[in-house]
Amino acid sequence: MKTVELVDVCPLSELPPGSSRIVEWEDLEIGVFNCAGDLLAIEDRCSHDNGPLAEGEFDESACTVECPRHGSLFDLRTGAPKTLPAYVAVDTFPVRVEDNMIKLEVD
Amino acid sequence: MATPELTPAAAENAALQDLNADYTERYGFHDAENYLYKAPKGLTRELVQKISEFKSEPGWMRAFRLKSLDHFLARPMPTWGSPMLAEVDFDDIHYFVRASERAERSWDDVPEDVKKTFDRLGIPEAERQFLAGVGAQYESESVYHQVNEQLQAQGVVFMDMDTALREHEHLVKEYIGTLIPPNDNKLAALNSAVWSGGSFVYVPPGVHVEMPLQAYFRINTENMGQFERTIIIADEGSYVHYVEGCTAPTYSSDSLHSAVVELFAKPGARIRYTTVQNWSSNVFNLVTKRARADTDATVEWVDCNLGSKLTMKYPSVYLMGERAHGEILSIAFAGHGQHQDAGGKIIHAAPNTTSNIFAKSISKDGGRSSYRGLLEVAKGAHGAKSKVVCDALLLDERSRSDTYPTIRIGEDDVDVGHEATVSKVGEEQLFYLMSHGIDEEEASKLIVNGFIEPIVKELPMEYAVEMNRLIELQMEGSIG
């Protein structure tokens, strides 16, 4: 049975719409984005060549992040690439807010 | 042609001079420059904006170009491939040259000088005889584009990209840069910043374009950069064959050709894309070509590289839907001073997909040819089948051939084969042919023709004839 662990990201007030940040959990790095009020999290790893992803350009209106290395656009809601060269989805993580603290669900 | 009176080295030199003389006569001539606009050398933000203004583009395209320029400037030049890459001088290039007001639909309306060039290259005649449509690009922009009326009535779109951006903006916006994002590599970023011309093809569902569509690309001016952008969308169950050819005058300083080509084969569709690249020996040819094949779709790249100083080009197919098929047939011919770094990439991203890569290269007179390929089978692409065969033929001791194959397999249930051979024209083969009264040069030609025949036979007949003629020309005097 999976055990879900909650990881504190930051207070909600520190991640306003249009902003993002990267958090570490064990050996994973995860990008957390505020997409017009929706809090979304994806693995900080491009599935094309395993380079960092979440520091790329964040388009709040399209809810995508662009890999800074080769330009693949990832849908933050699904983790799926919308453009090549990446063609495999990256992991996504549920996000919740408890007592004004943004928390990631990891297992 | 070697003569008995000459020493072997002198005979070879004479043959090479003959070769150049023929290129000059057939393709290497240049016209007087009566241009509407010729940008000064060098790449600036202002120039990128100016190109966009000239073309009266929508704001999103201007933003696309400027962002691409930032990517281009931020990226270092690749250090892999060829040492010749370091010779590309981005400051010594004219990035935009406008020869005519618009892409005409009648040859009579094309400016006289330009029309003469294409007449000399035999393009209007080819259109009359065996093509379904023709596009002709001269320097930065298309000067002529026409598709036959029957196809137009069936909804086939074949036009230059600048016109497509005006007439089919939503389609261009939906597809451009989705297979090759501007940030994919430095040269793709450059193309995305300064692209001009190229073809836009849309084939409606179920329509089979029986005769090929052809685009012909011509560079005329010295130190020119040509950056065409091509998108082909074959909708469900349709078929299209697109053929491109290219030549340029021979100058002592270098020009740059850097295209981006994106192909979309929807479910059950088939696209064949044939290139006969015969740039003059002062052209850097650095091109990115990528295709996406959906369920039951087929994409075939037939890629013949004869000309240019350096070519780096690896057409790829992403097999994204079940049972999609990809095929890459590549011929590279590297003569004196040339490096052909060619090959292909196939990515099996779905189950039961199949592919073949057949690459043939010939090196002579100190030329270098490289096969560089990638075969990738993703996790989950069970039942994938692929065969990669690359053969190299060396015609003398001074020439060079390299093979850089990469194979990544992420699934157990697959069938993948890779074969590579490097051979010299064998004494035994020559002896056998010569014992039948064939002289050495003729025997070598026969061996080379036999070597490339499996790929040449895939070309439309008119191109196969031309390819054989070009190969024969390249082969003249190769036996000293």
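Residues numbered from 1 in each chain as written. Chains lettered and ligands numbered in written order. Predicted model: local features only at pLDDT ≥ 70, side-chain atom pairs only at ≥ 80, totals over all residues.

Trainee: Before we move on, could you go through the overall build of chain A and cite the residues and values that matter?
Mentor: Regarding its fold elements, chain A presents zero helices and ten strands. Along chain A, helices and strands appear, N-terminal first, in the series β-β-β-β-β-β-β-β-β-β. Here chain A has a C-alpha radius of gyration of 13 Å; the compact-globule value for 107 residues is 13 Å, and the two agree. Along the first, second and third principal axes, the C-alpha atoms of chain A reach 40 × 35 × 20 Å. Look at the contacts in chain A between residues 6 or more apart in sequence, and 41% of them connect residues 24 or more apart. (Helix = DSSP H or I, 4+ residues; strand = E, 2+ residues; numbered from the N terminus. Rg over C-alpha atoms; globule rule 2.2 N^0.38 Å. Contact = placed C-beta atoms within 7 Å.)

Trainee: Any chance you could break down the environment of B:Ala39 for me, citing the residues and the numbers?
Mentor: Residue and element names in this part refer to chain B. Along the chain, alanine 39 turns up in the loop between β1 (37–38) and α2 (45–54). Separated by 415 residues in the primary sequence, alanine 39 and proline 454 place their C-alpha atoms 44 Å from one another. Leaving out residues up to four positions away in the same chain, alanine 39 has contacts with Leu47, His94, Tyr95, Phe96 and Val97.

Trainee: Which residues make up the confidence of the model for chain B, and what values go with them?
Mentor: Residue and element names in this part refer to chain B. Mean pLDDT for chain B: 90, with 95% of residues reaching 70 or above. Scored below 50 in pLDDT, residues 1–6 shows twelve contacts in the model against residues more than four places distant or in partner chains. The low-confidence segment residues 11–20 (pLDDT under 50) makes 21 contacts with residues lying over four places distant or belonging to another chain. (pLDDT = per-residue confidence, 0-100.)

Trainee: Provide a residue-level description of the sheet that holds strand β8 (residues 92–93) of chain A, including the pertinent values.
Mentor: Residues and elements named next belong to chain A. One open sheet accounts for four strands, arranged β2-β3-β4-β8; its pairing is antiparallel. Two strands in the sheet have a free side with no partner beyond their single neighbour: β2 (20–25) and β8. In the sheet, strand β3 (residues 28–35) pairs with strand β4 (residues 38–43) via six bridges, with the strands oriented antiparallel. Its bridge partner lying in β4, glycine 31 is registered against isoleucine 42. (Pairing = 2+ DSSP bridges.)

Trainee: So what about the packing of helix α11 (residues 440–456) of chain B against helix α12 (residues 461–475) of chain B? Which residues, and what values?
Mentor: Residue and element names in this part refer to chain B. Remark: α11 packs on α12, axes separated minimally by 11 Å, with the N-to-C direction vectors making an angle of 145°. You can see that α11 and α12 cross each other, and the crossing is right-handed. Packed against α11, whose contacting residues are Ser444, Lys445, Val448, Asn449, Ile452 and Val456, the element α12 presents Ala464, Met467, Asn468, Ile471, Glu472 and Met475 at the interface. (Axes fitted to C-alpha atoms, helices over the stretch in contact; angles between N-to-C directions. Left-handed = near helix turned anticlockwise from the far one by under 90°.)

Trainee: Give a description of the pairing of strand β4 (residues 141–147) of chain B that names residues and reports values.
Mentor: Residue and element names in this part refer to chain B. Among the seven residues in β4, seven count as buried, and that is most of the element. As judged from the six bridges shared by strand β3 (residues 133–138) and β4, these two strands associate in the antiparallel manner. In the sheet register, glycine 133 faces β4, and the bridge partner there is valine 147. What sits between β3 and β4 in their antiparallel hairpin is a turn of two residues, with glutamate 139 showing a positive phi close to 60°. (Buried ≥ 20, exposed ≤ 12 C-beta atoms within 10 Å, placed from the backbone.)

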